[in-house]
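Residue-level structural notes
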Amino acid sequence: MVYNVLSVFIGLLLTPVMLIWFWKNKPLCLIEWIINFLMVGLFIVYMYFAGLWAYITGYYAKYLVIILFAVISFLTFSKARRLKFLCTTSVATKLSFGCKIFIVFIFLLINMSIIYSFPNKEKDIVNLSFPFKNGIYYIAHGGNNTILNYHNSRDYMKYALDIVKLDKFGFRAKGFFPRELEKYNIFREEVYSPCSGTVIEAVDGMEDYPPGVYMVDKSMARPNYIVIQSGDLKVLMSHFQKDSIKVKPGDTVREGQLIGKVGDSGLSFEPHLHIQVTKDGHGVKFMLNGMHLKRNDKMKID
């Protein structure tokens, strides 16, 4: 998980660097501009889908990046079009072109992998109710790909989602990684049962710790969580706030019933709700409010 998050953060920091480089670079020929365009463009596409925008720049910044790239492409092409098509084939030019083409190829493969993993319109897929009300919510981790969803590497949580809440500016907290739990928009947010069924597990009483503490103290691994048996499916939600869970094993719950509040218990990078669905111990795909959700998807619930 840490590697997944850090790599995306580094990518977000590199995004303005790539745009500035594309703007300032003076290609020697048109083909060099085309290669630069493809290299930066494919990187931007990757960050559009994989970047955790709500964590650093705000969710809506990804649209600004697309606009800036389009403007820079237009302005730089207006100059590059006057150049000769091919460059002189010096050793330095060949080496530069080779490196850039390699980067283009890598990001092309990565983007194809991401797009190929997008949910398709499968029949009879599990459909649950969204577990929150009144707000704008953001999928921090989700999708059928380890690039978008670190859970995907483990079979039982293969299609799990991590959900946070955004403010009107598209940020999920007041600050980058504040230590105070109250600064996270989703902390203490009421959670509603996404399905009807029977509670078969409910653990409460675990402390809510400051973000990231679990990374140095693995004794905090167990979260407050609920498992609901709904037909032959088990729906697990975890990282509830201490003493907030409203149900106990054996209780029958109905869809939309209040069951607890979001906290930061267990192995949690920061306050969020983790939700997953399993059948016979294996993770299964599911929708929320009829939507196939993945990282960077946003849900507005009225």
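Whatever comes next refers back to the structure up there.
Residues numbered from 1 in each chain as written. Predicted model: local features only at pLDDT ≥ 70, side-chain atom pairs only at ≥ 80, totals over all residues. Heavy atoms only, no water.

**Here we look at the packing of helix 2 (residues 30-50) against helix 5 (residues 91-116)**
Two elements in contact, helix 2 and helix 5, have axes whose closest approach is 9 Å; the angle formed by their N-to-C orientations is 30°. Where helix 2 crosses over helix 5, the handedness of that crossing is left-handed. Of the residues in helix 5, those in contact with Ile-31, Glu-32, Ile-35, Asn-36, Leu-38, Met-39, Leu-42, Phe-43, Val-45, Tyr-46 and Phe-49 of helix 2 are Phe-97, Lys-100, Ile-101, Ile-103, Val-104, Phe-107, Leu-108, Ile-110, Asn-111, Ile-114 and Ile-115. Looking at side-chain class alone, the contact of helix 2 with helix 5 contains 18 nonpolar, two polar and two charged residues. (Axes fitted to C-alpha atoms, helices over the stretch in contact; angles between N-to-C directions. Helix = DSSP H or I, 4+ residues; strand = E, 2+ residues; numbered from the N terminus. Left-handed = near helix turned anticlockwise from the far one by under 90°. Contact = heavy atoms within 4.5 Å. Nonpolar A, V, L, I, M, F, W, Y, C, P; charged D, E, K, R; others polar.)

**Observations regarding the side chain of Lys-165**
Inspection of the secondary structure assignment puts Lys-165 in strand 3 (residues 161-166). Here the side chain of Lys-165 touches Glu-189 through a polar contact of 3.2 Å, side chain to side chain. Apart from residues lying up to four places away in sequence, Lys-165 is in contact with Asn-134, Gly-135, Ile-136, Tyr-137, Phe-171, Arg-172, Asn-185, Ile-186 and Glu-189. (Polar contact = N/O pair within 3.5 Å; in protein donor to acceptor, adjacent residues only side chain to side chain.)

**A word on the nonpolar core**
The biggest cluster of nonpolar side chains holds 32 residues, and the ones touching the most others in it are Leu-128, Phe-130, Phe-132, Ile-163, Met-237, Ile-275 and Leu-288. Among the elements of the structure, strand 1 (126-128), strand 2 (135-141), strand 3, strand 6 (225-230), strand 7 (233-238), strand 10 (273-279), strand 12 (286-288) and strand 13 (298-301) are those that each provide at least two residues to this core. Apart from residues no more than four positions distant in its own chain, Leu-128 is found in contact with Pro-194, Cys-195, Val-235, Ile-275, Val-277, Phe-286, Met-287, Leu-288 and Asn-289. Counting 24 residues, the second largest nonpolar core, distinct from the first, contains Ala-50, Ala-80, Val-104 and Leu-148. (Core = buried A, V, L, I, M, F, W, Y, C linked by side-chain atoms within 4.5 Å. Buried < 20%, exposed > 50% of the residue type's maximum accessible area, 1.4 Å probe, protein only.)

**Some thoughts on the packing of aromatic side chains**
By the definition in use, this model includes 18 aromatic pairs. Relative to Phe-69, the ring of Phe-37 has its centre 5.4 Å away and its plane inclined at 20°; by these criteria the two rings are stacked. Placement of Phe-37 in helix 2 and of Phe-69 in helix 4 (residues 61-80) is noted, with a sequence separation of 32 residues between them. Phe-37 sits in the partly exposed class, given a relative accessible area of 29%. Taken together, the ring pairs in this structure connect Tyr-48, Phe-49, Tyr-59, Tyr-60, Tyr-63 and Tyr-138 into an aromatic cluster. Lys-79 extends its terminal NZ or CZ atom over the ring of Trp-23, reaching a point 6.0 Å from the ring centre. Positioned above the aromatic ring of Tyr-192, the side-chain terminus of Lys-133 is 4.2 Å from the ring centre. (Phe/Tyr/Trp six-rings, centres within 6.5 Å; stacked < 30°, edge-to-face > 60°. Lys NZ or Arg CZ within 6 Å of the ring centre and 35° of its normal.)

**Details of the pairing of strand 10**
Among the seven residues that make up strand 10, six are buried, leaving the element largely enclosed by the rest of the structure. Judged from the three bridges that link them, strand 3 and strand 10 form a sheet pairing that is antiparallel. By the bridge assignment, Leu-161 is partnered in strand 10 with Ile-275. In the sheet, strand 7 pairs with strand 10 via five bridges, with the strands oriented antiparallel. Note that in strand 10 the partner of Val-235 across the bridge is Val-277. Sheet topology places strand 10 next to strand 11 (residues 282-283); two bridges connect them, and they run antiparallel. Across the sheet, the residue bridging to Thr-278 is Gly-283, located in strand 11. Count of turn residues in the strand 10/strand 11 antiparallel hairpin: two residues, of which Asp-280 carries a positive phi of about 55°. (Pairing = 2+ DSSP bridges.)

**Some points on the layout of surface pockets**
Any empty space left between the atoms is revealed when a probe the size of a water molecule rolls over them. Volume-wise, the largest pocket comes out at about 640 Å³. Surrounding the largest pocket, 27 residues form its lining, Arg-154, Tyr-156, Met-157, His-274 and Gln-276 being those nearest its centre. Among the secondary structure elements, those contributing two or more residues to the lining of the largest pocket are strand 6, strand 7 and strand 10. No other element matches strand 7, which puts four residues into the lining of the largest pocket. Grouping the amino acids of the lining of the largest pocket by side-chain chemistry returns 13 nonpolar, ten polar and four charged. Put simply, the second largest pocket is a space of about 260 Å³. Lining the second largest pocket are 13 residues; nearest its centre among them are Trp-23, Asn-25, Lys-26, Pro-27 and Lys-79. (1 Å grid on protein atoms, 1.4 Å probe; cavity = no way out; pocket = protein on both sides within 12 Å on 5 of 7 lines; lining within 4 Å. Points joined across faces, edges and corners; volume = space filled by probe spheres on them.)

**Some points on the environment of Glu-270**
Tracing the sequence through the fold places Glu-270 in the loop between strand 9 (258-261) and strand 10. The buried category is assigned to Glu-270, whose relative accessible area is 2%. Separated by 241 residues in the primary sequence, Glu-270 and Cys-29 have C-alpha atoms spaced 48 Å apart. When residues no more than four places from it in sequence are discounted, the contact partners of Glu-270 are Tyr-55, Val-164, Arg-172, Phe-177, Tyr-184, Pro-211 and Asp-264. A distance of 2.8 Å separates polar atoms of two side chains, one belonging to Glu-270 and the other to Arg-172.

**Topic: the state of the cysteines**
Applying the stated criterion to the full structure yields one disulfide. Residue pairing for Cys-29: its cysteine sulfur links by disulfide to Cys-87, the two sulfurs lying 1.8 Å apart. A torsion of -90° about the S-S bond marks the disulfide between Cys-29 and Cys-87 as left-handed. Remark: Cys-87 occurs in the loop between helix 4 and helix 5 and Cys-29 occurs in the loop between helix 1 (2-24) and helix 2; sequence separation between them is 58 residues. Each member of the pair, Cys-29 together with Cys-87, is buried. Here Cys-99 is not disulfide-linked; the sulfur of Cys-87 is the nearest cysteine sulfur, at 15 Å. (Disulfide = S-S within 2.5 Å.)

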